[in-house]
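Next come the chains, spelled out residue by residue.
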Amino acid sequence: MLFNKGRQAQEGEARGRSTGRRSVSLALATLAFSLAACGGGQASPTTGAAQNAGGSTPVATIGQEAAPTTQAPGGVATEAPAASTPTVAGSAQQDTTGKVDRSKPVAVVNGENISFEELDTLLETKYGNQELTNLINQKLVEQEVKKRNVQVTDAEIEAELQKAREGFPGQDLEQVVREQLNISLEEFRDQLRLRVAVGKLLEPQIKITEQDLKTYYDANKQQFATPQEFKVARVYTEDEEKASAAAKELRAGAKTAAVIEKHGTKEGPGAQQSGETDFVPLQELGPDVGQAVAPLEKGKVSDPAPAAAGGFVVAKVLDKRGGDVPPLDKVRERVQEMVREDKLSTLAPTLIDRLRSEAEITNQLAPAEAAPTGEPGVPPVEGTPQG
């Protein structure tokens, strides 16, 4: 949902990145954001999960497969329902432009047609109200932003895009957005614009105290730790018995080369990977070695573990560095930004609740749409924030 932090994904990236910067802008960590999660749903900024008014699935986060998106008024992409059935081999294909011909069946299965009308009816029945609620909520937010004359400059959007680029060094942001969120860079830019506008809309209600910063920092210190790097000795063996013998000799101080010569596998990927590394990030050691050495101190040897390439592996931590947590004063700006986003995560759904309660909404897919109650979910915004 809007401003939902996707905390677990964000923390994972923060621990694994090779710089001390925040890995990605909040928007990219959670987008494509969906206002369907607001207006009756509940969201938790600590779990990164949210459900919309119709009880739909959580919105996608980085690291998860993003659902297809549809285009909402104002150029804001919305999350479409994920397919629940596998693709049928031999079904009708799109042409090379990505368009479909609605004069033909949407699919043909062993000579039997499935029409667009059948598909449209199913989608409208199963997902129509869910997606319409999403569009209604987005329209309400767009109207509120326009009503209060909230302005977002191109420079502000470029700053957000730069944050996103810094989170994926060496990668093309357009490709990342397309693969992770299933939207174009222009759609992503439109979403950023609305997100920044709503942030300005809610800004007067955000009060951040020193205690807020300390509480968040104490609970999330590892987000701010410098990346850990390990120098390890790896010995890949053909079986667990040889791996146990290799571990015993490494613990006794034997030279890595001698242990490899005596117990190591002589062919295949294991033979190539056996040996001593220079300092490398934990994730570059591979899941088999990385998981084994992560909790170990310098000089310690792992127990034999199944190797990804087959056989077994043992590893000795020759040296390690990084993992230091800077004091709060050194990361105050980052902590303040994250606390602000958490507070926005809490305020966003109540904003939608208020807008829905004050609006006149006609919804053919939900005739029982509640009439306005006149009871705002959040206090009125003081003043008119400007860009």
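Residues numbered from 1 in each chain as written. Predicted model: local features only at pLDDT ≥ 70, side-chain atom pairs only at ≥ 80, totals over all residues. Heavy atoms only, no water.

A. Quick peek at the packing of helix α6 (residues 185–202) against helix α12 (residues 332–358). One can describe the packing of α6 onto α12 by two numbers: an axis separation of 10 Å at closest approach and a directional angle of 90°. Overall, the two elements α6 and α12 adopt an arrangement that is roughly perpendicular. On α12, the residues that touch Arg-195, Val-198, Gly-199, Leu-201 and Leu-202 of α6 are Arg-340, Glu-341, Leu-344, Leu-347, Ala-348 and Leu-351. Here the residues of the contact of α6 with α12 sort into 7 nonpolar, 1 polar and 3 charged. (Axes fitted to C-alpha atoms, helices over the stretch in contact; angles between N-to-C directions. Helix = DSSP H or I, 4+ residues; strand = E, 2+ residues; numbered from the N terminus. Parallel < 35°, antiparallel > 145°, perpendicular 65-115°, else oblique. Contact = heavy atoms within 4.5 Å. Nonpolar A, V, L, I, M, F, W, Y, C, P; charged D, E, K, R; others polar.)

B. The pairing of strand β11 (residues 312–321), seen in detail. Across 9 bridges, the pairing between strand β7 (residues 229–237) and β11 is antiparallel. Looking at β11, one finds that Phe-230 is bridged to Lys-320. Pairing between strand β10 (residues 305–306) and β11: 2 bridges, direction antiparallel. Each residue of the ladder has a partner; that of Pro-306, found in β11, is Phe-312. In textbook terms, the turn of a hairpin is the stretch between consecutive antiparallel strands, and for β10 and β11 this stretch comprises 5 residues, one of which, Gly-310, has a positive phi near 105°. (Pairing = 2+ DSSP bridges.)

C. Spatial organisation of the pattern of salt bridges. One pass over the full model with this rule turns up 24 salt bridges. For Asp-154, the salt bridge identified is with Arg-193, shortest N-O distance 2.9 Å. Taken together, the residues span a long stretch of sequence, with Asp-154 in helix α4 (residues 154–167) and Arg-193 in helix α6 at a distance of 39 residues. For Lys-242, the salt bridge is made with Glu-238, and the minimal N-O distance between the two is 3.5 Å. Each of Glu-160, Lys-163, Arg-195, Glu-203, Glu-337, Arg-340 and Glu-341 takes part in one network of salt bridges that share partners. (Salt bridge = Lys/Arg side-chain N within 4 Å of Asp/Glu carboxyl O.)

D. Structural detail: unusual backbone geometry. A positive phi is found at Asn-110, a non-glycine position, where the angle reads about 50°. Mapped onto the elements of the fold, Asn-110 is located in the loop between β5 (107–109) and β6 (112–114). Phi is positive for Asn-149, close to 55°, though the residue is something other than glycine. Within the fold, Asn-149 resides in the loop between α3 (116–147) and α4. Asn-149 gets classed as partly exposed once you look at its relative accessible area, which sits at 39%. (Buried < 20%, exposed > 50% of the residue type's maximum accessible area, 1.4 Å probe, protein only.)

E. Up close: the packing of aromatic side chains. Enumeration over the complete set of coordinates arrives at 1 aromatic pair. Seen from the ring of Phe-279, Arg-321 lies directly overhead, with NZ or CZ sitting 4.0 Å from the centre. (Phe/Tyr/Trp six-rings, centres within 6.5 Å; stacked < 30°, edge-to-face > 60°. Lys NZ or Arg CZ within 6 Å of the ring centre and 35° of its normal.)

F. Structural view of the pairing of β7. Of all 9 residues that make up β7, 7 are buried, and the element is covered over most of its length. Pairing of β7 with strand β9 (residues 280–281), which is carried by 2 bridges, proceeds in the antiparallel orientation. Opposite Phe-230, over in β9, you have Val-280 as the bridge partner. Bridging between β7 and strand β8 (residues 275–276) involves 2 bridges; their strand directions are antiparallel. Opposite Ala-233, over in β8, you have Glu-276 as the bridge partner.

G. Here's a closer look at the environment of Lys-300. Counting through the fold element by element, Lys-300 comes out in the loop between α11 (286–293) and β10. Each residue touching Lys-300, except ones within four places of it in the same chain, is listed here: Ala-315, Lys-316 and Val-317.

H. The arrangement of the nonpolar core in detail. Membership of the largest hydrophobic core comes to 30 residues, with the highest contact counts inside it found for Val-141, Val-145, Leu-161, Val-177, Phe-188 and Val-198. Per element, the largest residue contribution to this core is 9 residues, and it comes from α6. (Core = buried A, V, L, I, M, F, W, Y, C linked by side-chain atoms within 4.5 Å.)

I. Geometry of α11. Among all positions in α11, only Asp-288, Val-289, Gly-290, Ala-292 and Val-293 are buried. Elements in contact with the buried residues of α11: β7, β10 and β11.

J. Representation of the confidence of the model for the protein within the structure. Predicted confidence across the protein gives a mean pLDDT of 74, with 69% of residues reaching 70 or more. Long-range and interchain partners of residues 370–387, a stretch whose pLDDT sits below 50, account for 37 contacts in this model, where long-range means more than four residues apart. (pLDDT = per-residue confidence, 0-100.)

K. Just α3, in detail. Between the first and last C-alpha of α3 there are merely 39 Å, a value that for 32 residues lags more than 12% behind the 46 Å anticipated at 1.5 Å per step. Asn-149 occupies a position one or two residues after α3 and carries a positive phi of about 55°. (Expected span 1.5 Å × (residues − 1).)

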